[in-house]
Amino acid sequence: MADKGDFEHFVASRSGVLLRTAYLLCAGDRGAAEDLLQDVLERMYPKWRRIKGAPEAYARAALANASVNRWRRRSRRVTETPLTDMSHAAVSGPENEVVTRDEVVRALGVLPERMRAVLVLRFYDDLSEADTAAAMGCSVGTVKSQTSRGLDRLREVLDESLGSKR
């Protein structure tokens, strides 16, 4: 049985950071991010005694892997149609920073799931290449190549996005 107090403290203190990671992994879909984090935390609880030494690293790896698996399962299902038009024009003013963040999150959504996970773990969670490789269950070389390709693709998508707004 897991130590309920320690687990609750971990959830209370780290769930905000983990939710932001899940949000980026889910390409800005807050509901999906909340579901993803909840699923990971539910799976962590019975294993708490074993992962208690490095729970945040375990949680990040589980989020990345669950995100990739979630999109695999979802791609086998019927394509969903969004209820609202997600494209909107950027406005000038102090909210430009929010718009820019939104564009980056949308650009991340264009990337393949594993590539997105590598970029989020490397640059948002500030993990080393080795830690990212461990979290993703792949080699450091894979992390390096996915990072390089992912950044190139992210630049292309953002350039296209900025070009269409000029």
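Just so you know, these numbers come straight off a predicted model, no measurement behind them.

So what exactly am I meant to see when it comes to the packing of aromatic side chains here?
The relative placement of two aromatic rings is captured by the distance of their centres and the angle of their planes. Counting across every chain of the model gives three aromatic pairs. For the pair Phe 7 and Tyr 45, a centre-to-centre distance of 5.0 Å together with 65 degrees between the ring planes defines the contact as edge-to-face. Of this pair, Phe 7 sits in helix 1 (residues 4–25) while Tyr 45 is found in the loop between helix 2 (30–44) and helix 3 (48–51), placing the two residues 38 residues apart along the sequence. Of the residues examined, Phe 7 reaches a relative accessible area of 10% and is grouped as buried. Judged by centre distance (5.4 Å) and plane angle (40 degrees), the rings of Phe 10 and Trp 48 are tilted. Taken as a pair, Phe 10 in helix 1 and Trp 48 in helix 3 lie far apart in primary sequence, 38 residues in all. The buried category is assigned to Phe 10, whose relative accessible area is 7%. Taking the relative accessible area as the measure of exposure, Trp 48 reaches 3% and is therefore buried. In this structure an aromatic cluster arises from ring pairing among Phe 7, Phe 10, Tyr 45 and Trp 48. One Lys or Arg, Arg 122, reaches over the ring of Phe 123 and ends 5.4 Å from the middle of that ring.

Looking at this structure, how should I read a negative patch on the surface?
A grouping of Asp 29, Asp 35, Asp 39 and Glu 42 is seen on the molecular surface, where their side chains present a negatively charged patch. Within the secondary structure, Asp 29 sits in the loop between helix 1 and helix 2.

Could you clarify how one ought to interpret the nonpolar core in this entry?
Generally speaking, a soluble globular protein has its nonpolar side chains buried in company with each other. One finds Phe 10, Met 44, Leu 63 and Leu 108 to be the most contacted residues of the largest nonpolar core, which totals 40 residues. Going through the elements one at a time, helix 1, helix 2, helix 3, helix 4 (55–76), helix 5 (96–110), helix 6 (113–124), helix 7 (129–136) and helix 8 (140–165) are the ones with two or more residues in this core. Residues contacting Leu 63, with those up to four places away along its chain left out, are Leu 18, Thr 21, Ala 22, Leu 25, Leu 36, Leu 37 and Val 40.

Is there a simple way to think about the environment of Arg 43 in this case?
Relative to the elements of secondary structure, Arg 43 occurs in helix 2. It is 9.7 Å that separates the C-alpha atoms of Arg 43 and Ala 59, two residues lying 16 residues apart in sequence.

How should helix 1 be read in this particular structure?
Each α-helix turn comprises 3.6 residues. Residues three or four places apart therefore point the same way. Along its 22 residues, helix 1 runs just 28 Å from first to last C-alpha, ending more than 12% under the 32 Å computed at 1.5 Å per residue. The largest bend along helix 1 measures about 55 degrees and falls at Arg 14. Those residues of helix 1 that fall on the buried side of the exposure criterion are Phe 7, Phe 10, Val 17, Leu 18, Leu 19, Thr 21, Ala 22, Leu 24 and Leu 25.

How should I be thinking about the side chain of Arg 122 in this particular structure?
With respect to the helices and strands, the residue Arg 122 is situated in helix 6. For the buried Arg 122, which has no salt bridge, the nearest side chain bearing the opposite charge is Glu 129, at an N-O separation of 4.1 Å. Not counting the four nearest positions on each side in its chain, Arg 122 is found in contact with Leu 127, Ser 128, Glu 129, Thr 132, Val 143 and Thr 147.

What counts, and at which threshold
Residues numbered from 1 in each chain as written. Predicted model: local features only at pLDDT ≥ 70, side-chain atom pairs only at ≥ 80, totals over all residues. Heavy atoms only, no water. Phe/Tyr/Trp six-rings, centres within 6.5 Å; stacked < 30°, edge-to-face > 60°. Helix = DSSP H or I, 4+ residues; strand = E, 2+ residues; numbered from the N terminus. Buried < 20%, exposed > 50% of the residue type's maximum accessible area, 1.4 Å probe, protein only. Lys NZ or Arg CZ within 6 Å of the ring centre and 35° of its normal. Patch = residues over 30% accessible without salt bridge, like charges linked within 9 Å, V, L, I, M, F, W, Y side chains within 5 Å. Areas by Shrake-Rupley, 256 points an atom, 1.4 Å probe, with all protein chains shown as cover. Salt bridge = Lys/Arg side-chain N within 4 Å of Asp/Glu carboxyl O. Lys, Arg positive; Asp, Glu negative; His and termini not counted. Charge placed at Lys NZ, Arg CZ, Asp CG, Glu CD. Core = buried A, V, L, I, M, F, W, Y, C linked by side-chain atoms within 4.5 Å. Contact = heavy atoms within 4.5 Å. Expected span 1.5 Å × (residues − 1). Bend = angle between axes of the 7 residues up to and from the residue.

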